[in-house]
Amino acid sequence: MSGPVLSVENLQTAFRVGGQWRWAVEDLSFDVAPGETVAIVGESGSGKSVTALSVMRLVSAANGRIQGRIALEGRDLLALSEEEMRKVRGNDVAMIFQEPMTSLNPVLTVGFQIAEALRYHRGLDAGAAKAEALRMLDKVRIPSAKTRFDNYPHQLSGGMRQRVMIATALACKPKLLIADEPTTALDVTIQAQILELIKTLQDEERMSVLFITHDMGVVAEIADRVVVMWKGRKLEDAPAAQVFNTPIHGYTKALLAAVPKLGDMNGHARPLRFPRIDPDDGKVEGKPMEQPDTVQAAEPPLLEVAGLTTRFGIRGGLLGRLQGQVHAVEDVSFNLRRGETLALVGESGCGKSTTGRSILRLVEPSFGTVRFGGRDVTGLGKSELRDVRRDMQMIFQDPFASLNPRKSVGSALAEPILVHGLAKGTEAQDRVAELLRKVGLAPEMHVRFPHEFSGGQRQRIAIARALALSPKLVVADEAVSALDVSVKAQVLNLMLDLQAELGLAYLFISHDMAVVERVSHRVAVMYLGEIVEIGPREAVFSDPRHPYTRKLLTAVPVPDPSRRALRRELAVDELPSPIRKLGWQAQPTELVEVSPSHFIRQPTEAGRAGTA
Amino acid sequence: MSTSVHDAAPVAPPRLRWLKATIGAFNANKTSWAGLAIVLAVILAAVLAPIIAPHDPLEQNILSRLQPPYDDFYLGTDYFGRDILSRLLYGARISLVIGIASTVIAMVVGSLIGLLAGYYGGRFDIIVMQAMDILLAFPSLILGLILVAMLGPSMENITIAIALTSIPSFARIARAPTITVKERDYIGAGRALAFSDARIMAGHILPNIFPEILVMASLWLANAIRTEASLAFIGLGVKPPIATWGGMIREGFENILDSYWLVLAPSLAILVVVFALNVLGDGLRDAIDPKLKGER
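For every chain, the first residue of the written sequence is number 1, and numbering continues from 1 onward in sequence order. Chains carry letters and ligands carry numbers; both start at the beginning, A for chains and 1 for ligands, and go up in the order they are written. Reporting of local features is limited, given that this is a predicted model, to residues whose pLDDT is at least 70; pairs of side-chain atoms are given and counted only at 80 or more, and all residues count toward the totals for whole chains, interfaces and linings.

**Re the overall build of chain A**
What chain A contains, in helices and strands, is 21 helices and 25 strands. With the C-alpha coordinates of chain A rotated into their principal frame, the extents come out at 70 × 65 × 50 Å. Among the 612 residues that make up chain A, the fraction classed as buried is 45%. The long-range fraction of contacts in chain A, counting pairs at least 24 apart against all pairs at least 6 apart in sequence, stands at 69%. Here a helix means four or more residues in a row that DSSP labels H or I, a strand means two or more in a row labelled E, and each is numbered from the N terminus. Counting other C-beta atoms within 10 Å of its own, a residue is labelled buried from 20 upward, exposed at 12 or fewer, and partly exposed in the gap between, with every C-beta atom placed from the backbone. Working definition of a contact: two residues with C-beta atoms, positioned from the backbone, lying within 7 Å.

Below you can see the structure in the form of structure tokens.
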């Protein structure tokens, strides 16, 4: 083989922040060989995305500075003029981004955007560019490319948009493709498809890939070699198998230990804490122990949900008539006991969040009953609802949106205590301090504002606020999804500790199967607003019976390169839409018990007869 | 637990740090300081008018009518021999009082309407905002004219009329961010904590949209001062002989060919104040916006 396609030597990138230069990347060197996939892994702030931008020279000259040497096939990119660099971008190096909606121009058709790249970079005329663009859409396996050509970006799903981005990126046959978190915003089954597509195209085009990600599972799926970054520095640079099997640096070990792996929980009956590993020397601090048995099986259930249905009307036309309905939640029933964690899993749009919000009546359910502590919540008036809400609280996904930026943490935590008259004056202050301590923050931090905290700390504050009224049930809506791996593990440990200490019941809403396996007692899988499978965690994970559960489980990337899934077929399934015409009738289904307290949804006898 | 590096650092009182950051951002554009300085100087001059004015603004000196600027009358005299500088200083009081009062009224009422419409949405939102749109469709001068003509030209009525013309703009300005903010998770968390609607609106939404409203207010203050002058110019201002800038231009207009200073001084005064307020408003917006973006 010839020399490396990309060779980065002593890369230093700095940004000017408030008059001072801060190093985002320090002394980074690595190579990408022809046809090789190198993954740069790290948590937020590690400098991985800045590295990608530096290679493309997309760091603004006014506020950024790049030093060192970035050579593409021996040609130093940093020495090129801006004019020459523009030719390199797109022609020799192409890039795809995390958010495919914002990387495509919403007012131009996708076909036009691909053809434009072809005309600009390869000098094709309009006809030839269109033919080539159609060929590219076929190449990224977009079904019925001819009709898709004239679609606008909003008419495509997230996965399809990412395919279009890939087609645009590959239009000029680049030698190097830089993919910056290309699957992070996608659902797990779609992610699996896109990863497969990138691998296949790489083989077909003999192209090198620089893959930026925070997800160790994705790394294991795709990378030949792994560069681990931490705070702007390279910690490790080795073949994928070596990084996963014999990591050298303590941080890599900590990172790997914090990643929940599907199947880790075989043989464990109850949720398991994550091990704490010192990122400096890699020492394991205490072996993780199975949580004590917190489930109050003898008591009547805390929460009983029966036939919960939530639909949203879609209005349209001149008179704003009801034209259809989003069947967000359809006939959902389950029980939850004190001290128990029930996980609701599913992909975006499956209704798991709406289920959580309907139970708290943040969204008004259309039908069904929610009984909490024996009381029907759905029929309650405003003042009664107020009493019930003390006992059920919610934690949200985005730690940046879930705290009021203009309220200090102390006053945000004190407010519910004061409003409900639980304490006054210094007693309220003491309660705030106790809450902060409980979630592992220093009580002195109460004077600070949310923007002075990291994402993980903010999520702890959000948990503290939810605990302010000493609730019995906490609905955690993707509560750890936006957090970095190591922070995620800490917050999950905190949640497990609080459950053991306070006997909390969690409704744990998540799309992350591996996290769910780790923390839950029971699991409910949702698909198109319905629970398609529900049962004890071990039964659902070791013996999934519903085809959708199986599909979901095989799509999860496993952080172990040796178990890299053998080439799956290049599926192009889409998530179906829950929008229905008025008066739509579901095919009648029923829950069937397949093993003790393990149910799956099947069409009824009558329903099967009807379709047959 | 996760303690980061800056945890040990001493913490300044939060309000002070917020102020510091805002002044820092305001500082980025030096012209905003000029705007602020001019506005403060005009306010000071208006407040101190009885002390610093060289003459009584109503005193008529028939002997020194239509004098060009000279020693005793720094900006000359008008048709009745009244000192223009003194009238200008006293006129500033009328302009500022009407401008500020009408803007404050419009800000309070308009923001409340926008906040309620944005928060409750639905039919209430549609009806209220359509009414606002109808008001907005009138040019503010014409609307002010109709209102003053109906109510009669007194200082209170002019203030109310100008306030009514700018209420729709404040309603619009307050409604849009209310709709974005109410979708934030912390509002959902507040509802889960059983906070009342009033508490959520006053304690959680208003502080987040207030900076945008404040910027709007500084720009609309300029507009109100201009509208007041325009109304006075067409004869619907505060009754003479009380000095107002618009009234001075109107009175001086008849002699504009031979005594241009009659019109020039009040015109320049309006120009400078409106310009300064616009510059100040831009500076405020720059000071407040980037931080809002960072926090969202």
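**A closer look at the overall build of chain B**
Across its full length, chain B holds 11 helices and 0 strands. In chain B, which comprises 296 residues, the proportion classed as buried is 41%. Partitioning the intrachain contacts of chain B with sequence separation of at least 6 by distance along the chain shows that 72% fall at a separation of at least 24.

**A closer look at the pairing of strand S18 (residues 392–395) of chain A**
Residues and elements named next belong to chain A. Of the two faces of S18, the one lined by Met392 and Met394 and the one lined by Gln393 and Ile395 are each fully buried. One requirement defines pairing of two strands: DSSP has to find at least two bridges between them. In terms of strand pairing, S18 meets strand S19 (residues 473–477) through 4 bridges, oriented parallel. Its bridge partner being in S19, Gln393 is matched across the sheet by Val474.

**Observations regarding the sheet that holds strand S10 (residues 233–239) of chain A**
Residues and elements named next belong to chain A. Spatially, S6-S7-S8-S3-S9-S10 is the arrangement adopted by the 6 strands of the open sheet, whose pairing is mixed. Every other strand in the sheet has two partners, leaving strand S6 (93–96) and S10 as the edge strands with one partner each. Within the sheet, the average angular offset between the axes of one strand and its neighbour, ignoring direction, is 15°. Axes here mean lines fitted to C-alpha atoms, for a helix over just the part in contact, with angles spanning 0 to 180 degrees between N-to-C directions. Sheet contacts for helix H7 (residues 158–170): S6 and strand S7 (176–180); angle to S6, the most-contacted strand, approximately 170°.

**A short note on the pairing of strand S4 (residues 64–72) of chain A**
All names here are of chain A. With 8 bridges joining them, strand S1 (residues 6–17) and S4 adopt antiparallel strand pairing. Paired with Ser7 across the bridge in S4 is Ala71. In the sheet, S4 pairs with strand S5 (residues 75–76) via 2 bridges, with the strands oriented antiparallel. Note that in S5 the partner of Ala71 across the bridge is Asp76. Here S4 hands over to S5 after 2 residues, with Glu73 in that stretch at a positive phi of 45°.

**Description of the sheet that holds strand S21 (residues 522–527) of chain A**
Pairing between the strands of a sheet comes from backbone hydrogen bonds, and it takes one of two forms, parallel or antiparallel. All names here are of chain A. If you walk across this open sheet you meet the 8 strands as S18-S19-S20-S15-S21-S22-S25-S24, and the pairing is mixed. Of all the strands in the sheet, just S18 and strand S24 (589–595) have a single pairing partner and so form its edges. Between one strand axis and the next, the sheet turns through 20° on average, direction left out of account. Of the strands in this sheet, S21 and strand S22 (530–536) touch helix H20 (residues 547–555), which is tilted by about 100° from S21.

**Some thoughts on helix H8 (residues 188–205) of chain A**
Residues and elements named next belong to chain A. With 18 residues, H8 extends 26 Å from end C-alpha to end C-alpha; this agrees with the ideal 26 Å at 1.5 Å per step. All of the buried residues along H8 are Val188, Ile190, Gln191, Ala192, Gln193, Ile194, Leu195, Leu197 and Ile198. Residues of H8 that are buried in the fold lie against H7, S7, strand S8 (208–213), helix H9 (216–222) and H20. Remark: Arg206 follows H8 within two positions and exhibits a positive phi of approximately 50°. Take the residue count of a helix, subtract one, and multiply by 1.5 Å to get its expected span.

**Some words on unusual backbone geometry**
All names here are of chain A. Positive phi, normally seen in glycine, also occurs at Lys173, with a value near 50°. Tracing the sequence through the fold places Lys173 in the loop between H7 and S7. In this structure, Asp331 takes a positive phi of about 50° despite not being glycine. Here Asp331 falls in the partly exposed class, since 18 other C-beta atoms lie within 10 Å of it.

**Some words on the environment of Val480 of chain A**
Residue and element names in this part refer to chain A. Within the secondary structure, Val480 is located in the loop between S19 and helix H17 (485–502). A C-alpha to C-alpha distance of 6.6 Å links Val480 and Gln397, two positions 83 residues apart in sequence. Look past the residues within four positions of Val480 in its chain and what remains in contact with it is Lys488, Val491, Leu492 and Val515.

**As for H20 of chain A**
All names here are of chain A. Taken together, the buried positions of H20 are Tyr548, Thr549, Leu552 and Ala555. Taken end-on, H20 shows its buried residues confined to a sector of 130°, consistent with a single buried face. Relative to its buried face, H20 has exposed residues pointing more than 90 degrees away, namely Pro547 and Arg550. Directions pointing from the helix axis toward each C-beta atom define the arc.

**Details of the interface of chain B and chain A**
Contacts between chain B and chain A engage 22 residues on the former and 30 residues on the latter. Listed by contribution, the elements that provide at least two residues to the side of chain B that touches chain A are helix H8 (185–192), helix H9 (197–233) and helix H11 (261–295) of chain B. The element best represented in the side of chain B that touches chain A is H8 of chain B, accounting for 6 residues. Residue classes in the side of chain B that touches chain A are distributed as 10 nonpolar, 6 polar and 6 charged. Residues are grouped as follows: nonpolar covers Ala, Val, Leu, Ile, Met, Phe, Trp, Tyr, Cys and Pro; charged covers Asp, Glu, Lys and Arg; every other residue, Gly included, is treated as polar.

**Remarks on the confidence of the model for chain B**
All names here are of chain B. On average, residues of chain B carry a pLDDT of 80, and 87% of them reach 70 or more. The score called pLDDT rates the predictor's confidence residue by residue, from a low of 0 to a high of 100. Mean pLDDT per element in chain B: helix H1 (residues 14–27) is the minimum at 65, and helix H4 (residues 84–120) is the maximum at 90. Across residues 1–11, confidence stays below pLDDT 50; counting only partners more than four residues off in sequence or on other chains, it has 9 contacts. Complex prediction metrics read pTM 0.78 and ipTM 0.71.

**Thoughts on the environment of Leu336 of chain A**
Residues and elements named next belong to chain A. Its place among the elements puts Leu336 in strand S14 (residues 321–336). C-alpha of Leu336 to C-alpha of Val50: the two residues are 286 residues apart in sequence and 45 Å apart in space. Once residues within four sequence positions are removed from consideration, Leu336 is found in contact with Pro301, Leu302, Leu303, Leu342, Ala505 and Leu507.

**Topic: the nonpolar core**
Within the largest apolar cluster, 241 residues are counted, with the highest numbers of intra-cluster contacts made by Leu210, Val219, Val475 and Val525 of chain A. With 16 residues, the top contributor of residues to this core is H9 of chain B. The residues touching Leu210 of chain A, leaving out its near neighbours within four places in the chain, are Leu6, Val32, Val38, Ile40, Ala52, Leu176 and Ile178 of chain A. When buried Ala, Val, Leu, Ile, Met, Phe, Trp, Tyr and Cys residues are joined through C-beta atoms within 7 Å, the set is termed a nonpolar core.

**Comments concerning the packing of helix H6 (residues 140–151) of chain B against H9 of chain B**
Residues and elements named next belong to chain B. Relative to each other, H6 and H9 sit at 55°, their axes nearing to 10 Å. The angle between H6 and H9 places the two elements in the oblique class. Two packed elements cross with a definite hand, and for H6 against H9 that hand is right-handed. Where H6 approaches H9, its residues Ser140, Leu141, Gly144, Leu145 and Val148 are matched on the opposing element by Thr227, Ser230 and Leu231. Throughout, the term roughly parallel applies to angles under 35 degrees, roughly antiparallel to angles over 145, roughly perpendicular to angles from 65 to 115, and oblique to all others. Left-handed describes a crossing in which the near helix is turned anticlockwise from the far one by less than a right angle; the clockwise case is right-handed.

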